[in-house]
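Chain by chain, the residues:
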Amino acid sequence: MKGRHRVVVSSKRLRYDFELKRNLTVVRGDSATGKTTLVDMIQEYINNPSGSSVEVICDKACHVLSGRLWQEQLSAMRDSIVFIDEGNEFVKSDTFARAIQLTDNYFVIISRESLHNLPYSVEEIYGIRTSGKYGTLKQSYHEFYRIYGQDVMDSDVKPEIVVTEDSHSGYQFFQSVCSKYHLKCSTVNGKSNIFHYLNTNNEKDVLVIADGAAFGSEIDRILQLIKARGHAALYLPESFEWLILSSGVLRSGEIVSILNEPSDFIESRDYFSWERFFTALLVNKTKDTFLAYAKKVLNTAYLNENVQSAILARMDKIRLNWKR
């Protein structure tokens, strides 16, 4: 499945209206915010579509996945939007993570806990906002609102130390840039190690760079730690490959179209995370050119002054050349 899909779930008293654009969406929030009610309404409609007071409008079939027989249920769900309520422990398992990678479904998972087995984006973590009042004649309207996203920085970030999640091409790029401008650069070899690094190092003015496309499970504790310690900033592009593609160093109308609306081009069965898609796209578009890209070893063409400057210019408000 690919593209954006609007889901409207309504009854005489309640209405949920939201749009999904990736294969993994996580819905957060405290009790009594309407999360379980949403899933219950969808299940009621599934059980009795003609006799239920609930109406579900979507261009894709909607299903609810639950219980011990979830694997059998999942095997019959194709090209669908699958809702999973909190309390289903299987969503935390590696078995579940592997199983859904083999499907072409979109998944909406309700969970107050971070799901470290799944590569979901910081851009696809939502809460449920309610407007209106309950009553016999008035609907209560519910919509999703994004909890995390690209925070707007009021001033330029001028780090002394750059820490990357990536240990391959991304790190090699930033290590070269930092060396040029007399900054320290380190890699922590994976997103799960960022928390430990920040928690055990008291260095000031740290910039952490990680792939936002798969950082959703880490965002809670990292932001809490940064808030507590201060003197640290978090920069989350979709991925390093996305950063290159969006810098304009590859002049292609097709790339511009893809970046403007990635969901129209990214098939969920083929690319479980958008990061994987942008890597494949960059490799394909630079093949047999002087910018031929490899994930593990960075082509030195990306350290060319003009290419490097174009990539850094895409990092709004991040200044790595401030010591120059």
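Okay, so let's go over this structure. Within any chain, residue numbers begin from 1 and follow the written order of that chain's sequence. Totals for whole chains, interfaces and linings use all residues, but because this is a predicted model, local features are given only for residues with pLDDT of at least 70 and pairs of side-chain atoms are given and counted only at 80 or more. Side-chain measures were taken over the full set of non-hydrogen atoms in the model, leaving aside hydrogen atoms and water.

**Some thoughts on the pattern of salt bridges**
When their charged atoms lie close together, side chains carrying opposite charge are able to pair.
Item 1. Any carboxyl oxygen of Asp or Glu that lies within 4 Å of a side-chain nitrogen of Lys or Arg is treated as forming a salt bridge with it. For the coordinates displayed, the defined rule picks out 19 salt bridges.
Item 2. Across the pair Asp17 and Arg6 runs a salt bridge, and its minimum N-O distance is 2.5 Å. Placement of the pair is Asp17 in strand E2 (residues 14–20) and Arg6 in strand E1 (residues 5–10), with a sequence separation of eleven residues.
Item 3. We call a residue buried when its accessible area falls under 20% of the maximum for its residue type, exposed when it is over 50%, and partly exposed in between, using a 1.4 Å probe and counting protein chains only. On the basis of relative accessible area, Asp17 is assigned to the buried category, the value being 14%.
Item 4. By relative accessible area, Arg6 is classed as partly exposed at 48%.
Item 5. Among the ionic pairs, Arg28 bridges to Asp220, the shortest N-O distance being 2.4 Å. Here Asp220 lies in helix H6 (residues 219–229) and Arg28 lies in the loop between strand E3 (24–27) and helix H1 (35–47), a separation of 192 residues in the sequence. Exposure class is identical for Arg28 and Asp220. Each is buried.
Item 6. Each of Lys21, Arg22, Glu124 and Glu238 takes part in one network of salt bridges that share partners. Helix and strand labels come from DSSP, where a helix needs a run of H or I of at least four residues and a strand needs a run of E of at least two; each type is numbered from the N terminus.

**Overview of the packing of aromatic side chains**
Item 1. Working definition: a ring pair exists when centres of Phe, Tyr or Trp rings (six-membered ring for Trp) sit within 6.5 Å. Plane angles under 30 degrees give stacked, over 60 give edge-to-face, the rest tilted. A complete count under the given rule lists twelve aromatic pairs for this structure.
Item 2. Here the aromatic rings of Phe173 and Phe174 are separated by 5.1 Å at their centres, their planes lie at 85 degrees, and the arrangement is edge-to-face.
Item 3. Classification of Phe174 by relative accessible area gives buried; the value is 2%.
Item 4. Between the aromatic rings of Tyr271 and Phe277, the centroid separation amounts to 5.3 Å while the plane-to-plane angle is 85 degrees, which identifies the pairing as edge-to-face.
Item 5. These aromatic residues form a ring-pair network of at least three members: Trp70, Phe90, Phe96 and Phe107.
Item 6. As a reminder, the over-ring test applies to NZ of lysine and CZ of arginine, requiring each to be within 6 Å of the ring centre and within 35 degrees of the ring normal. Above the face of the Trp274 ring, Arg22 is positioned so that its terminal group lies 3.6 Å from the ring centre.

**Some points on helix H9 (residues 274–286)**
Item 1. With 13 residues, H9 ought to run about 18 Å at 1.5 Å a step, and its terminal C-alpha atoms sit 18 Å apart, in line with that.
Item 2. Inspection of H9 places Trp274, Glu275, Phe277, Phe278, Thr279, Leu281, Leu282 and Thr286 among the buried residues, and these make up the whole buried set.
Item 3. We call two residues in contact when some of their heavy atoms are within 4.5 Å. Packing partners of the buried residues in H9 comprise helix H7 (240–246) and helix H8 (253–260).
Item 4. Phi turns positive one or two residues past the end of H9, at Asp288, with a value near 65 degrees. Helix span, expected: 1.5 Å multiplied by one less than the number of residues in the helix.

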